[in-house]
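Structural characterization, general
Now for the letters of each chain:
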Amino acid sequence: MTNERPFDLTKCVRPNILALPPYTSMRDDYLDHTNLSLLDANENSFGPSIPVQEVASTFRHDAVSIQSALDPKRLQLHRYPDAQQIKLKQLFCDLRNTTCEEKDAAVKPLAPENVCLGVGSDESIDLVIRAFCAPGRDKILICPPTYGMYEVSAQANDVTVVTANLDVDNGFALRPEAIDEALSEDPLIKVVFICSPANPTGNLIPRAEIVRVLEHPTWNGIVVVDEAYIDFAPGGSLARQVNKWPNLIVTQTLSKAFGLAGIRLGIAYSQPQISQLLNNLKGPYNMSAPTIALATAALQPAGIALMEANKRAMIEQRKRLLRELPKISGFGRFLGGYDANFLLVQFLDKPGGQGAVPDNAITAAVAHTLAINSGVLVRYRGIEPGCVGSLRITVGTKEEVDNVLLQIQMALEKVYSGRGQTA
Ligand SMILES: Cc1ncc(COP(=O)(O)O)c(C=O)c1O
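Residues numbered from 1 in each chain as written. Predicted model: local features only at pLDDT ≥ 70, side-chain atom pairs only at ≥ 80, totals over all residues. Heavy atoms only, no water.

Helix and strand counts for the chain come out as 14 helices and 13 strands. Against the 2.2 N^0.38 benchmark of 22 Å for 423 residues, the chain shows a C-alpha radius of gyration of 23 Å, consistent with a compact globule. For the chain, the computed accessible surface area is about 19,400 Å², with 54% contributed by carbon and sulfur atoms. If the 40 positive side-chain charges of the chain are averaged to one point and the 45 negative ones to another, these points end up 3 Å apart. (Helix = DSSP H or I, 4+ residues; strand = E, 2+ residues; numbered from the N terminus. Rg over C-alpha atoms; globule rule 2.2 N^0.38 Å. Areas by Shrake-Rupley, 256 points an atom, 1.4 Å probe, with all protein chains shown as cover. Lys, Arg positive; Asp, Glu negative; His and termini not counted. Charge placed at Lys NZ, Arg CZ, Asp CG, Glu CD.)

With that settled, the discussion passes to the domain arrangement of the chain. By the assigned domains, the chain splits into domain 1 (12–47 + 308–418) and domain 2 (52–305). Between domain 1 and domain 2, the C-alpha centre-to-centre distance is 26 Å. Of the roughly 2,300 Å² buried where domain 1 meets domain 2, counting both sides, 55% is carbon and sulfur surface. Our enumeration of links across domain 1 and domain 2 arrives at 0 salt bridges. Viewed at the interface, domain 2 and domain 1 are joined by 16 residue pairs in polar contact (both at pLDDT 80 or more). The set of elements that each furnish at least two residues to the side of domain 1 that touches domain 2 consists of helix 2 (15–18), helix 12 (301–324) and strand 10 (342–347). (Domains from an automatic or database assignment. Buried area = accessible area lost by both parts, 1.4 Å probe. Salt bridge = Lys/Arg side-chain N within 4 Å of Asp/Glu carboxyl O. Polar contact = N/O pair within 3.5 Å; in protein donor to acceptor, adjacent residues only side chain to side chain.)

Turning to the pairing of strand 6 (residues 222–226), a few remarks are in order. Regular strands show a simple pattern: their side chains alternate between the two faces of the sheet. With respect to burial, strand 6 is a largely interior element, 5 of its 5 residues being buried. Running through helix 9 (residues 207–214), the crossover from strand 5 (residues 189–195) to the neighbouring parallel element strand 6 is right-handed. (Buried < 20%, exposed > 50% of the residue type's maximum accessible area, 1.4 Å probe, protein only. Right-handed = clockwise from strand over helix to strand, strands pointing away.)

Contacts to the ligand come from 13 residues, most closely from Ser-121, Asp-226, Tyr-229, Thr-253 and Ser-255. Take Ser-255: an N or O atom from its side chain is 2.6 Å from an oxygen atom of the ligand. Relative to its unbound accessible area of 390 Å², the ligand is 92% covered by the protein chains. Of the residues forming the shell around the ligand, the biggest block, 3 residues, is contributed by helix 6 (residues 120–132). Considering only residue class, the shell around the ligand consists of 4 nonpolar, 5 polar and 4 charged. (Near = heavy atom within 4 Å. Nonpolar A, V, L, I, M, F, W, Y, C, P; charged D, E, K, R; others polar.)

A few words on the sheet that holds strand 6. Pairing is mixed across the open sheet formed by 7 strands, whose spatial order is 2-8-7-6-5-3-4. Pairing within the sheet leaves two strands with one partner each, and these edge strands are strand 2 (115–118) and strand 4 (160–163). Between one strand and the next, the sheet's axes are offset by a mean angle of 25 degrees, whatever the strand orientation. Relative to strand 7 (residues 248–253), strand 6 runs parallel, the two being bridged by 4 bridges. Each bridged residue has a counterpart across the sheet, and for Val-224 the counterpart in strand 7 is Ile-249. Strand contacts of helix 6: strand 2, strand 3 (139–142), strand 5, strand 6, strand 7 and strand 8 (266–270), with the helix running at about 155 degrees to strand 7, the strand carrying the most contacts. Where helix 8 (residues 176–185) meets the sheet, its contacts fall on strand 3 and strand 5, and the angle it forms with strand 5 comes to roughly 165 degrees. (Pairing = 2+ DSSP bridges. Axes fitted to C-alpha atoms, helices over the stretch in contact; angles between N-to-C directions. Contact = heavy atoms within 4.5 Å.)

This next bit is on the sheet that holds strand 13 (residues 390–394). Here we have 4 strands laid out as an open sheet, ordered 9-10-13-12, and antiparallel in their pairing. Of all the strands in the sheet, the pair left with one neighbour each is strand 9 (331–335) and strand 12 (379–380). Note that strand 12 and strand 13 share 2 bridges and pair antiparallel. Each residue of the ladder has a partner; that of Tyr-380, found in strand 13, is Leu-391.

Moving on, we get to the packing of helix 6 against helix 10 (residues 272–281). At a closest axis distance of 10 Å, the pairing of helix 6 and helix 10 adopts a crossing angle of 105 degrees. In this view, helix 6 runs roughly perpendicular relative to helix 10, as classed from their interaxial angle. Contact residues: Leu-127, Val-128, Arg-130, Ala-131 and Phe-132 in helix 6; Ile-274, Leu-278 and Leu-281 in helix 10. Along the lines of polarity and charge, the residues of the contact of helix 6 with helix 10 split into 7 nonpolar, no polar and 1 charged. (Parallel < 35°, antiparallel > 145°, perpendicular 65-115°, else oblique.)

See below:
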């Protein structure tokens, strides 16, 4: 590029955007590997909750193939998609109204006016920060170790991040008193993000602790409960509680239990006024026609039944990992809880015995060896607070679990023997 006038991009772009690191995924490093076992991103190895027949009947009464159901003409791809998505929102409300706990029954049922749909929960998170935090002034509060996008979105919006770590010595419990204290001291904190079940620690946060933050006596801000993994947890969603707590937003996604990470659909439930704000802020056509069509199919009874069946299969495999991993020399312990489709697993600096301690170098080497030798991708979490020596492993299919158990054992043996320690 040549130009008479010098152009300095660095002086033109907002400094917080200039400082944004590019999104990187371990997957990009292994694109050439055939047969990758993707246990790094908490997707659903059991597949999408879309029975082929059901997709067809969503569009017409006779049976047609999935290709035909997603035919461009049928989808009217030459037109802008439905901007309001009322029917789809109603299906999400039905899902959460029917699965609500008894104690929620007194609260008004969810209706489309409670819903804003985003391009994944990631867009919902960004919308909330943009709606409530003034750039360069306001703050959010997060509870590390936690999901990374809260911080990324905050930086993109020039919003400061305040932390109140989970209790690393107490099963990664929320510390509502520490959060409350931070909120009392700093009115510039506008949004608190609570991940439940938490990522990467996998524990469901008790409702009473969230309510304590919601009921802060002086603070005037929003509590977001990120329920990306709620369908894997015992105990129900807080979604319906948005009609009780005016400052509560509950986010969910089709990326996990419904196995639809590829269509990018996140759901934010909130009281109608907040919901209206979020809907006003989002792009009018953020939901593509194929996304709306596929989500609609997944929310039919047969899709929900398939989701439930896949969830049961995942829980079986989670139990197997919980049973079998401790038999491997070098396994330390499970960190956090078992309420999601992944486990946080700590490994030791030697095969076991006296004086063995969790070790980041060993764990990072195991993750690397798994990827290089067998194409098994898991997520290294050793640098997160309270997570030293840990890998986050998504629960896969039976075959994936068989393989990851074998490969972890082999990787540990290799890494230990490289250090002169044998199992
Ligand atoms: C806690 C949590 N929230 C949100 C997301 C993002 O979900 P989506 O795919 O809907 O953007 C993830 C994805 O891993 C997550 O772990």
